[in-house]
Amino acid sequence: MKRLTEEQEAFLNRLPDVYGAPLTKYAYRFFGYKPHMLPVVEDAVQETFIKAVRSVDVLMKHPNPHGWMIASLKYILLDKSRELNRRREDLYGEETEIPAFAGLAAAVAPEIWQSGITLPQVVEQAADVLSKEEMQTFADHYLLGLTMGETAAQEGVSQATVRGRLNRIRKKLRKTFCRQEVL
């Protein structure tokens, strides 16, 4: 690595004081102000400063250093977000520590898979547990294959209404089928 000039060192020494708080605030907002994401936020801000050190010549000549820093941080945050989403969850612990219902669900799972719930069974259960409006949304979206926007236009409601109905439909059907299989 090449030796930094005094001017470059002075510039880099000012960066944390000037941009530290705004970058941290931006990164924390990126993750929805979730306290458990604070270590990831701090790492991302540090990586941004490291990138600034590596690109000090470009940054010093840049017309908007703040914008350069924010853009760099944004791409680092996107990478970290993707990395978090790709990370698989590893389960640790003794088998005896697993709650009894989890063991029961694991024992029943192969039978559920082999039983192969059919579409007519799903439609029959849906008719029993869903309201009239939810059943219409179920038919339009899942059976006819309409998009959320097309379903909203078909039913004369907003997309937010359709999204809410679809969430309720999934919850109700999941609860219904899980209850049947465990019983």
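For the structure given in this document, a descriptive report is provided here. (Residues numbered from 1 in each chain as written. Predicted model: local features only at pLDDT ≥ 70, side-chain atom pairs only at ≥ 80, totals over all residues. Heavy atoms only, no water.)

## Brief notes about the pattern of salt bridges
Note the cut-off: The salt bridge criterion pairs a side-chain nitrogen of Lys or Arg with a carboxyl oxygen of Asp or Glu, the two atoms within 4 Å. Think of it this way: any DSSP run of H or I at least four residues long counts as a helix, any run of E at least two long counts as a strand, and we number them from the N terminus. The rule is simple: take the accessible area with a 1.4 Å probe, protein chains only, and divide by the maximum for that residue type; under 20% is buried, over 50% is exposed, in between is partly exposed.
Applying the stated criterion across every chain, the model contains five salt bridges. In this structure, the salt-bridge partner of Arg168 is Glu134, at a minimum N-O distance of 3.2 Å. Of this pair, Arg168 sits in helix 9 (residues 159-182) while Glu134 sits in helix 7 (residues 132-143), placing them 34 residues apart in sequence. Looking at Glu134, the relative accessible area reads 4%, which means it is buried. Lys172 is paired through a salt bridge with Glu134; the nearest N and O atoms lie 2.7 Å apart. Here Lys172, found in helix 9, pairs with Glu134, found in helix 7; they are 38 residues apart in sequence, far enough to count as distant.

## A short note on a positive patch on the surface
Applied cut-off: Think of a patch as exposed residues, more than 30% relative accessible area, with no salt bridge, where like charges cluster within 9 Å and nonpolar side chains (Val, Leu, Ile, Met, Phe, Trp, Tyr) cluster within 5 Å. Methods summary: accessible areas were calculated by the Shrake-Rupley approach with a probe of 1.4 Å, and residue burial reflects only the protein chains presented. A positive count includes Lys and Arg, and a negative count includes Asp and Glu. His and the chain ends are not counted in either. To locate a charge, take NZ of a lysine, CZ of an arginine, CG of an aspartate or CD of a glutamate.
A contiguous patch of positive charge on the surface is contributed by Arg170, Lys171, Arg174 and Lys175. Here Arg174 is to be found in helix 9.

## Considerations on the packing of helix 1 (residues 6-30) against helix 2 (residues 38-54)
Rule in force here: Interaxial angle, 0 to 180 degrees, is taken between N-to-C directions of lines fitted to C-alpha atoms, where a helix line uses only the stretch in contact. In this scheme, a crossing is called left-handed if the near helix is turned counterclockwise away from the far one by less than a right angle; it is called right-handed if the turn is clockwise. We call two residues in contact when some of their heavy atoms are within 4.5 Å. Side-chain classes are defined by residue name, with Ala, Val, Leu, Ile, Met, Phe, Trp, Tyr, Cys and Pro counting as nonpolar, Asp, Glu, Lys and Arg as charged, and the others, Gly among them, as polar.
Put simply, helix 1 and helix 2 touch, their axes get as near as 10 Å, and they point 145° apart. As helix 1 runs across helix 2, the sense of the crossing is right-handed. Between helix 1, through Leu12, Leu15, Pro16, Tyr19, Gly20, Leu23, Thr24, Ala27 and Tyr28, and helix 2, the contact on the second element is made entirely by Leu38, Val41, Val45, Thr48, Phe49, Ala52 and Val53. A class-by-class count of the residues in the contact of helix 1 with helix 2 yields 13 nonpolar, three polar and no charged.

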